[in-house]
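Below, each chain spelled out in residue letters.
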Amino acid sequence: MKLHYIDPVSTGELHLNLYESDFDRLFFKRDHKDKFLTIAWNDGPAQIVTIDGIQYTLPSQTILPLMVNQTFTFEHPEQVIAWQYNRNFYCIVDHDKEVSCVGFLFYGSAEIMLIALDEKQQRKLNLLLQVFIEEFDDKDTIQRDMLQMLLKRLIIIVTRLAKKQYLNNESLTEDKLDILRKFNLLVENNYRKQHTVQFYADRLNKSPKTLANYFAIYNDKSPLTVIRDRLLLEAKRLLMYTDKSAKEIAYDLGYEDAAYFSNFFKKQIGIAPSDFRNAKSNLLSKKDKSG
């Protein structure tokens, strides 16, 4: 079952997918205009989810936040409940004081986040889900407000759970986490042009060393690694899902010298961009034939 709310004036959209066998997203090939953040709930046994060509085990009763530009497929989409919404329906950046998820749950430096639900949290989400379903049927003047309120509650619940499961270092205080979240969002918005830690440190009024100390507490990554990882992730996506040449991709990612970009990619990944594309193309072709 698919439930939809679309505001023709603001173009705000909220969608609820309930156990749909065709639920997926192919961002570059099909869904590049659908800028939806996704909160997916695996409500069945463990399964495989493939995100940007990488397979992950998605345990039973697990929440998976997904970004607008991620390509994903589920082994068993008929087990998945998923909320999808765009910026015009609810902007988490503008409302960060309400939900505190920007740069952590979404736009964070972690590649993926798997948030486990115990029985108590499953009951809570099932109750919230039923209210969502009822509100989709109430087509009145306050429907948008009600659905926004429910979505905000969902995001807060998931963010709280994620913080409990991923942030277990007492040294990472809320003010330090806020700086890291802002750093992650700045990287997301500027990584194509700005590759140095100093650029981001200046905008946060922190020294590169202070940022490095905060990240050491958070996830043992350096700020420079966060920037590089984001660049490499986008490079991989463009190589896998588009026909752009390595030179075009280098330019898209802020490199004037294509050879420098190729050397950077090979040093970090272990193979040249062209070899990576060929390997992934062969793998995807095999999957299509077997499927």
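In case you missed it, the structure is sitting above this.
Reading guide: rules and limits
- Residues numbered from 1 in each chain as written.
- Predicted model: local features only at pLDDT ≥ 70, side-chain atom pairs only at ≥ 80, totals over all residues.
- Heavy atoms only, no water.
- Helix = DSSP H or I, 4+ residues; strand = E, 2+ residues; numbered from the N terminus.
- Rg over C-alpha atoms; globule rule 2.2 N^0.38 Å.
- Contact = heavy atoms within 4.5 Å.
- Areas by Shrake-Rupley, 256 points an atom, 1.4 Å probe, with all protein chains shown as cover.
- Buried < 20%, exposed > 50% of the residue type's maximum accessible area, 1.4 Å probe, protein only.
- Pairing = 2+ DSSP bridges.
- Core = buried A, V, L, I, M, F, W, Y, C linked by side-chain atoms within 4.5 Å.
- Patch = residues over 30% accessible without salt bridge, like charges linked within 9 Å, V, L, I, M, F, W, Y side chains within 5 Å.
- Salt bridge = Lys/Arg side-chain N within 4 Å of Asp/Glu carboxyl O.
- Lys, Arg positive; Asp, Glu negative; His and termini not counted.
- Charge placed at Lys NZ, Arg CZ, Asp CG, Glu CD.

Trainee: An account of the overall build of the protein is needed here, citing residue identities and associated values.
Mentor: In terms of regular secondary structure, the protein is built from 10 helices and 10 strands. The C-alpha atoms of the protein give 20 Å as radius of gyration, which agrees with the globular expectation for 291 residues (19 Å, within 12%). Taking the principal axes of its C-alpha atoms as reference, the protein extends roughly 55 × 50 × 40 Å. The long-range share in the protein, meaning contacts at least 24 apart out of those at least 6 apart in sequence, stands at 69%. Surface accessibility of the protein: about 15000 Å² in total, with carbon and sulfur atoms responsible for 50%.

Trainee: Would you mind going over the pairing of strand S4 (residues 36-42) in detail, with residue names and values included?
Mentor: Buried residues dominate S4, accounting for 7 of its 7 residues. Here S4 shows no split at all, with Phe36, Thr38, Ala40 and Asn42 on one side and Leu37, Ile39 and Trp41 on the other all buried. With 7 bridges connecting them, S4 and strand S9 (residues 80-86) associate as antiparallel partners. Across the sheet, residue Trp41 finds its bridge partner in S9, namely Ile81. In the sheet, S4 pairs with strand S7 (residues 62-66) via 5 bridges, with the strands oriented antiparallel. If you follow Ile39 over to S7, its bridge partner there is Pro65.

Trainee: Let's hear about the nonpolar core: which residues, and what values?
Mentor: Of all hydrophobic cores here, the largest spans 77 residues; its most connected members are Leu16, Tyr85, Ile92, Leu105, Phe106, Phe132 and Ile155. With near-sequence residues (within four places) excluded, Phe106 lies in contact with Leu37, Thr38, Ile39, Pro65, Leu66, Met67, Tyr85, Ile92 and Cys101. Counting 13 residues, the second-largest nonpolar core is a separate cluster that includes Ala40, Val49, Tyr56 and Leu66.

Trainee: An account of the sheet that holds strand S5 (residues 47-51) is needed here, citing residue identities and associated values.
Mentor: As summarised here, the arrangement of the 4 strands in space is S3-S8-S5-S6, forming an open sheet in which the pairing is antiparallel. Bordering the open sheet on either side are strand S3 (24-25) and strand S6 (54-58), each of which pairs with just one other strand. Across 2 bridges, S3 lies against strand S8 (residues 72-74) in antiparallel orientation. In the sheet register, Arg25 faces S8, and the bridge partner there is Phe72.

Trainee: Please set out a negative patch on the surface residue by residue, giving values where relevant.
Mentor: On the surface, Glu134, Asp137, Asp138 and Asp140 cluster together into a patch of negative charge. Position of Glu134 relative to the elements: it lies in helix H2 (residues 119-137).

Geometric values such as these leave the question of function open.
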